[in-house]
Amino acid sequence: MDGLNSFFEPLQGAWQAFEAFMLSEGSPGLFSYWVIIALMMAGFYIVIAHDNLVKKIVGLNVFQVSVFLFYITMAKVSGGSAPILAEGIEQYSNPLPHVLILTAIVVGVATTALGLALVVRIRNAYGTIEDDEIQAIEEGEDA
Amino acid sequence: MVLMLFMAAMAIAMARVRDLFAVVMLSGVFSLTAAAIYVVLDAVDVAFTEAAVGAGISTVLMLATLALTTRAEKASSDRTKSLPALFVVLFTGAILVYGTFDMPHYGDKTAPIHSHVAPRYIEKSGDEVGLPNIVTSILASYRGYDTLGEVFVIFTAATGVLAILGRTRRRRRNEANEDARPATGGPAADKEGARP
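Structure report, in brief.

Take the overall build of chain B next. Along chain B, the regular secondary structure elements total eight helices and zero strands. Sequence-ordered secondary structure for chain B, helices as α and strands as β, is α-α-α-α-α-α-α-α. When the 196 residues of chain B are sorted by exposure, 33% land in the buried category. Within chain B, contacts between residues separated by at least 24 positions form 42% of all contacts whose residues are at least 6 apart in sequence. As displayed, chain B offers around 11,600 Å² of accessible surface, 67% of which is attributable to carbon and sulfur atoms.

Before going further, it helps to examine the overall build of chain A. From N to C terminus, chain A includes five helices and zero strands. The order of α-helices and β-strands along chain A, N terminus first, is α-α-α-α-α. Taken across its 143 residues, chain A has 49% of its residues classed as buried. The long-range fraction of contacts in chain A, counting pairs at least 24 apart against all pairs at least 6 apart in sequence, stands at 43%.

What follows deals with the nonpolar core. One finds A:L69, A:I72, A:I101, A:I105, B:Y38, B:V46 and B:I138 to be the most contacted residues of the largest nonpolar core, which totals 28 residues. Of all elements in the fold, only α2 (31-49), α3 (53-75) and α4 (95-126) of chain A together with α2 (20-40), α3 (44-68), α5 (118-128) and α6 (134-142) of chain B reach the threshold of two or more residues within this core. No other element matches α4(A), which puts six residues into this core. Non-local contacts of B:I138, meaning those with residues more than four positions away in its chain, are made with A:P95, A:L96, A:V99, B:Y121, B:R143 and B:G144. The next biggest cluster of nonpolar side chains, apart from the first, holds 13 residues, and it includes A:L53, A:V119, B:V24 and B:L66.

A few words on the environment of A:V99. Within the fold, A:V99 resides in helix α4. Every residue in contact with A:V99, bar those within four places of it in the chain, is listed here: B:V135, B:I138 and B:L139.

Moving on, we come to the environment of B:E50. Residue and element names in this part refer to chain B. The residue E50 is located in helix α3 in this model. The class of E50 is buried, set by a relative accessible area of 2%. Each C-alpha atom of the pair E50 and L32 lies 7.3 Å from the other, and the pair is 18 residues apart in sequence.

Right, let's talk about the packing of α3(A) against α3(B) for a bit. At their nearest, the axes of α3(A) and α3(B) sit 12 Å apart, and the two run at 175° to each other. The orientation of α3(A) with respect to α3(B), classified from their angle, is roughly antiparallel. Counted together, A:V54, A:I57, A:V58, A:N61, A:V65, A:F68 and A:I72 of α3(A) and B:V46, B:E50, B:M62, B:T65 and B:L66 of α3(B) form the full contact between these two elements. Residues belonging to the contact of α3(A) with α3(B) are distributed by class as follows: nine nonpolar, two polar and one charged.

The rules we used
Residues numbered from 1 in each chain as written. Chains lettered and ligands numbered in written order. Predicted model: local features only at pLDDT ≥ 70, side-chain atom pairs only at ≥ 80, totals over all residues. Heavy atoms only, no water. Helix = DSSP H or I, 4+ residues; strand = E, 2+ residues; numbered from the N terminus. Buried < 20%, exposed > 50% of the residue type's maximum accessible area, 1.4 Å probe, protein only. Contact = heavy atoms within 4.5 Å. Areas by Shrake-Rupley, 256 points an atom, 1.4 Å probe, with all protein chains shown as cover. Core = buried A, V, L, I, M, F, W, Y, C linked by side-chain atoms within 4.5 Å. Axes fitted to C-alpha atoms, helices over the stretch in contact; angles between N-to-C directions. Parallel < 35°, antiparallel > 145°, perpendicular 65-115°, else oblique. Nonpolar A, V, L, I, M, F, W, Y, C, P; charged D, E, K, R; others polar.

Rendered as structure tokens:
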């Protein structure tokens, strides 16, 4: 156990220092964007590296949510409150990106539904939802 | 911030796990965490839309698809595809990170996004529309055409889904009839085929 602790302690210290730096005043203030980019790239990877069609759609969803998060973080004003008019509140966060994303979430679900319907249809036509197997079947039909 | 890192971990787990049921469940939790982050970032309307629509309806749709297709992802994924993909992803990510260096910092009051129409909405919408919730005012009044367009998109998607799936069912029914006719023949087969 001691060996394990001594291994993790410097790591933990480094992480805490990094986090404190990123969240402090005067830090680059771009950390949230970088996490969002990491999320977006994870979604992108799922879409291009996997053959399973359902998983591709899940990847698209991850990508979508990361774009939504990007908009919402841009709308945040430090010290601001939710954009609902009330007495005694001076600073509101920007309501416009919220509206855009509200619309985008619903449209995203509509496209997801359409994609999943296509997956079901492909499964009925080919008997598989793996991209490479479908391609093999197609090539077999052409030959 | 911690929630965001949690989401990143979940996204990676989603890429690794092969059981599609687990993947769909993870994506539901992912959406719900996103909703929690929206609350932290003052976007309460977006948060409950995400929780209801993103985490709820999407998950149900995906589970329905799994029920109609298959649950397990094929085990043998070829390594030849994932390495170039990883390279492309890292390259794109690096370019995007480079792009963020010109972005306004998180929470900055003077960012360009806060200086065009947004202040007008915040100052005038209470008098002009009369609703306390500015997001609702913009959605239904100032940007009503956006919402109308959204309705068209949903209508088109619903029509598309019905066209795709309704056709399958009809075709399957016909096939069932053709298969059954030589064996049993007559109206009994038709009746059986009518209920797929």
